Amino acid sequence: MRAANQRHIYEEGAYLLLFGDLPTVTQLGEFSDVISSCMELPTNFTRDVIMKAPSADIMNSMTRSILTLASYDPDVSDLDTANVLRQCIRLIAEFPMLAIYGYHAYNHYENGDSMYIHRPDPALSLAENILRMLRPDMKFSRLEAQVLDIALLLHMEHGGGNNSTFTTRVVTSTGSDTYSAIAAAMSSLKGPKHGGANLMVMRMMDDIRAHVTDYHDREAIEDYLKKILHGETFDKKGLIYGMGHAVYSLSDPREVIFRKFVGRLAAEKGRDEDLLLYTTIEQTAPRLIAQERKIFKGVSPNVDFYSGFVYEMLGIPRELYTPLFAIARITGWSAHRIEELLTMDKIIRPAYKSLVEKREYVDRKNR
């Protein structure tokens with residue numbers, strides 16, 4: 001069992017979502033051990049499935065793997081709560097391998113880089129194992145693991161109203177199996193309007209760096225942000241990505257928590273100048289957006305404003321940014337799937353109202 005002083009934030013949050021209570025020290029240790037014991041794919045699965053058709057779209061690769069895993073489960077369609085919980089825990093544990101091995105396969109076969117497949121270490125947390133499996137030397141600092149652990153916690157759940165979680169509940173309501181429900185959620189999350197927000201922030205930051213060379217020149221930064229808002233540059237959509245949220249206006253509490261760790265990691269990585277640029281944009285963009293858009297409810301940075309920067313500092317390739325979101329969010333999907341099965345007994349179906357006017361049928365020969 002894990003030592004009592006080990007704080008695995010992701011595992012603790014996962015326990016809370018799946019079981020409804022914060023774990024005791026003993027329960028957390030046991031649960032962490034269960035997660036570690038499940039970080040194992042079927043025999044030859046990595047070779048025969050993940051490496052068989054490598055793709056730059058790791059979300060597609062993962063979704064294919066999830067559906068294939070169903071064929072290895074003799075109780076795939078059993079909706080008993082204990083069985084669904086077993087399936088969810090196994091997928092939570094397997095997701096890091098599906099993502100990272102999928103990336104390594106793509107990076108080797110498509111980019112020509114060296115291939116290395118590191119097995120997870122059962123003595124490490126899920127966040128630690130992600131860094132271990134991703135890096136050639138398997139090494140990471142305590143702060144790196146802590147920051148990734150926090151990032152996973154902050155992304156693991158965001159209510160039932162987000163698209164991928166709602167997708168999970170819709171598919172679950174039909175009586176479909178766990179693998180199909182999670183694969184559907186993956187297909188939702190991969191959409192750039194949902195899971196790709198931090199990638200858009202990173203692309204925007206690349207563009208800003210290409211046009212603003214002095215990160216201490218607040219006036220130059222502000223002028224370029226105005227050009228972005230006016231649709232004159234970058235993707236010409238008039239959006240400063242990472243700013244604003246459909247629910248939060250005064251602040252995104254996830255971003256407030258995350259920002260404290262961003263500064264520590266930037267100091268460790270020697271990225272203080274980049275942090276200065278991010279901080280200046282964080283302080284300037286909300287005011288500019290409010291002025292330009294006549295917004296009065298308030299605009300604040302969301303958690304995706306900094307998450308891409310953190311992943312970059314951790315050496316995580318951009319192809320894995322959305323898959324990392326999935327690694328975190330599958331815990332929330334799992335909790336909602338179990339809740340849907342326990343509390344609802346009806347299929348979720350939308351009510352549509354046709355906007356087409358009634359027309360008379362015209363015989364084929366008269367059309």
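Look a little higher up for the structure.
Residues numbered from 1 in each chain as written. Predicted model: local features only at pLDDT ≥ 70, side-chain atom pairs only at ≥ 80, totals over all residues. Heavy atoms only, no water.

Peer 1: What am I meant to see in the pattern of salt bridges here?
Peer 2: Across all of its chains, the model carries 19 salt bridges by this definition. The partner of Glu-144 in a salt bridge is Lys-269, with the nearest N and O atoms 2.3 Å apart. Taken together, the residues span a long stretch of sequence, with Glu-144 in helix H7 (residues 142-155) and Lys-269 in helix H12 (residues 253-269) at a distance of 125 residues. With a shortest N-O distance of 3.5 Å, Arg-259 and Glu-255 are connected by a salt bridge. Highlighted residues: Arg-259 and Glu-255, both in helix H12, separated by four residues, approximately one helical turn. Judged by its relative accessible area of 3%, Glu-255 is buried. Each of Asp-206, Arg-209, Arg-271, Asp-274, Glu-312 and Arg-318 takes part in a single network of salt bridges with overlapping partners. (Salt bridge = Lys/Arg side-chain N within 4 Å of Asp/Glu carboxyl O. Helix = DSSP H or I, 4+ residues; strand = E, 2+ residues; numbered from the N terminus. Buried < 20%, exposed > 50% of the residue type's maximum accessible area, 1.4 Å probe, protein only.)

Peer 1: Is there a simple way to think about the packing of H7 against helix H14 (residues 304-313) in this case?
Peer 2: Describing two packed helices takes the angle between their axes plus the distance from one axis to the other. For the pair H7 and H14, the least separation of the axes is 11 Å and the interaxial angle reads 145 degrees. At the point where H7 passes H14, the crossing takes the left-handed sense. Residues Val-147, Leu-148, Ala-151 and His-155 of H7 form the contact with H14, whose own contacting residues are Asp-304, Ser-307, Val-310 and Tyr-311. Here the residues of the contact of H7 with H14 are counted per class, giving five nonpolar, two polar and one charged. (Axes fitted to C-alpha atoms, helices over the stretch in contact; angles between N-to-C directions. Left-handed = near helix turned anticlockwise from the far one by under 90°. Contact = heavy atoms within 4.5 Å. Nonpolar A, V, L, I, M, F, W, Y, C, P; charged D, E, K, R; others polar.)

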